[in-house]
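The primary structure of each chain is shown beneath.
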Amino acid sequence: LGANLAQVLEASDAVAQVTVFGLPGSETQYLAPCAKATFVAGDITDAEDVAAALAPRPPPGGGNPVPVDVVFHLCGDTSFWKPLYARQAAINIGGTRNVIAAARAAGIPRLIHTSTADVELEPMPADYNYGETKREAEAEALAADSPLMCVVALRPGMLVGPYDFTLQFGRLFINLAAGDVPAIPCGGTSVACVRAVAAAHLAAATAPADLVGGRAFALGGHNVSYAEVFAAIARRVEVPPPRCVLPQFALVGYAWVVELWATWVSRVHPELNPGQARYMSISHEVDSSGAAAALGYTVPTLDDILDSAHEWYVANGFM
């Protein structure tokens, strides 16, 4: 999402410069086309690093320092292994607190907080720490909305499209192509176009404060079963889709086995844990009508979304 947002901001006449904040050693090659962008290394859990990133700085071509007038808080830890839960809370909740405090101190008038459509789940699946931490972080962000700082929360669905260099979704393309997906979760998801979600971030930054301030907008897409998504991807990588659809009890049972193996034997992040398995057994439908009305949010066809992702993976050597 960050790389796509950088492209959207680069193309906007309303944007003079962009500061991109990330961990030291972050992948920055995809920022190369963005002449307005300057990368600043730091840790979201370090309040001083965050404050330094939000300080006025000269534009890339030189000149007087320019103050920040919009913060896009996209950072999040999506891991799903119990030994990493404390770190996840420090990033998702503690990092959000640091951004809010730094933005207030700097007098920045607008904060766009990237949440997740998962916060809308009722009830939240047991042991789904990502959803729980993101829900708490969103609540704190929206509570910071005031006449001095307009805060908007955006709730993307499952992001699909180009610049997925960490293979958040790309693993599914690669594993299906290799025949490494024996079964399909029984639930469903809302497939969102990452480019459309990035455009909605810019729209949230420029919309009138009285229209969007203190509000959360879902940015979903196509509400489909995992079986439909897997079949559509299998067609693109020219393999038969898996035929077995795992019920929740089977998927959760498998997740317990792989998590115990990871925790006590391999010490390597598991491919699944019970909370994630419960989440993937839910048919999660997202209503984006509020974002369509307030932000002009539109979603391409499912075929166009999947094609754009597949083409990017191939063009960049991931497949």
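Residue numbers here run from 1 along each chain, matching the order of that chain's written sequence. In view of the model being predicted, local features appear only for residues whose pLDDT reaches at least 70, and side-chain atom pairs are presented and counted only at 80 or more, with totals across whole chains, interfaces and linings using the full set of residues. Excluded from the side-chain calculations are hydrogens and water; all other atoms, namely the structure's heavy atoms, are used.

Could you clarify how one ought to interpret the sheet that holds strand β5 (residues 150–156) in this entry?
Adjacent strands of a sheet pair through backbone hydrogen bonds, lying either parallel or antiparallel. The strand order across the open sheet formed by four strands is β3-β4-β5-β9, and the pairing between neighbours is parallel. Both outer strands of the open sheet, β3 (71–73) and β9 (216–219), are each paired with one neighbouring strand and no more. Each strand axis lies, on average, 20° off the axis of its neighbour in the sheet, ignoring direction. Between any two strands, at least two bridges found by DSSP are needed for them to pair. Helix numbers and strand numbers start at the N terminus; a helix is a DSSP run of H or I with at least 4 residues, a strand a run of E with at least 2. Bridging between β5 and β9 involves four bridges; their strand directions are parallel. To get an axis, fit a line to the C-alpha atoms, keeping to the stretch in contact for a helix; angles then go from 0 to 180 degrees between the N-to-C directions.

Explain the side chain of H310 here, please?
Here H310 shows up in helix α12 (residues 302–315). Exposure classes here rest on a 1.4 Å probe applied to the protein chains alone. A residue is buried below 20% of its type maximum, exposed above 50%, and partly exposed in between. On the basis of relative accessibility, which here comes to 16%, the residue H310 falls in the buried class. When checking whether two residues touch, look at their non-hydrogen atoms; a contact exists if any pair is within 4.5 Å. When near neighbours in sequence (up to four residues on either side) are disregarded, H310 contacts F173, R236, V237 and M319.

It is not clear to me how the packing of aromatic side chains should be interpreted in this structure. Could you clarify?
We describe a pair of aromatic rings using the distance from one ring centre to the other and the angle between the two ring planes. To pair, rings of Phe, Tyr and Trp, with the six-membered ring standing in for Trp, must have centres within 6.5 Å; the planes then decide the type, stacked if under 30 degrees apart, edge-to-face if over 60, and tilted in the middle. Going through the model one piece at a time under the given rule, you end up with ten aromatic pairs. Measuring from centroid to centroid gives 5.8 Å for Y163 and W312, while their planes differ by 50°, and the two rings are tilted. Of this pair, Y163 sits in the loop between β6 (158–160) and α5 (170–177) while W312 sits in helix α12; the two residues are 149 residues apart in sequence, bridging distant segments of the chain. The class of Y163 is partly exposed, set by a relative accessible area of 21%. When its relative accessible area of 9% is taken as the criterion, W312 is described as buried. Three or more aromatic residues link up through ring pairs in this structure, and these residues are Y30, Y163, F165, F169, F173, W312, Y313 and F318.

Help me out: how do you make sense of the sheet that holds β6 in this one?
Ordered in space as β6-β8-β10, the three strands form an open sheet in which the pairing is mixed. On the outer flanks of this sheet lie β6 and β10 (222–225), each paired with one strand and no other. Sheet twist, expressed as the average angle between the axes of neighbouring strands with direction ignored, equals 40°. By the bridge criterion, three bridges tie β6 to strand β8 (residues 188–193) in an arrangement that is parallel. When the bridges of β8 are listed, M158 appears paired with V191. Sheet strands touched by helix α6 (residues 194–206): β6 and β8. Its angle to β8, the strand with the most contacts, is close to 65°. Against the sheet, α12 engages β6, β8 and β10, with an angle of about 70° to β8.

Help me understand the nonpolar core in this model?
The nonpolar side chains of a soluble globular protein tend to be buried, and buried together. What is meant by a nonpolar core is a set of buried Ala, Val, Leu, Ile, Met, Phe, Trp, Tyr and Cys residues, joined one to another through side-chain atoms within 4.5 Å. Counting residues in hydrophobic clusters, the biggest one holds 55 residues, and the most contacted among them are F169 and L295. Ignoring any residue separated from it by four or fewer positions in sequence, one finds L295 in contact with L154, A200, A203, A204, A207, V212 and F217. V50, V71, I91 and I100 belong to the second largest nonpolar core, which has 15 residues in total.

What is the right way to read the packing of α5 against helix α8 (residues 226–236) from this model?
For any two helices packed against each other, one specifies the crossing angle of their axes together with the interaxial distance. Their axes nearest at 10 Å, the elements α5 and α8 cross at an angle of 65°. Considering only the axes of α5 and α8, their crossing is right-handed. When α5 is examined against α8, the residues L172, F173 and L176 are found in contact with a partner set consisting of V229, F230, I233 and A234. In this scheme the crossing of two helices becomes right-handed for a clockwise turn of the near helix relative to the far one and left-handed for an anticlockwise turn of less than a right angle.

Just to check I follow, could you spell out unusual backbone geometry for this structure?
Excluding glycine, residues mostly have negative phi values, and the peptide bonds linking residues are mostly trans. Following E122, the chain continues to P123 via a peptide bond in cis, the omega torsion being -5°. As for its position among the elements, P123 is in the loop between β4 (110–114) and α4 (129–143). We note that D127 has phi near 65°; this positive angle belongs to a residue other than glycine. By relative accessible area, D127 is classed as partly exposed at 21%. Phi is positive for L167, close to 60°, though the residue is something other than glycine. By secondary structure assignment, the location of L167 is in the loop between β6 and α5.

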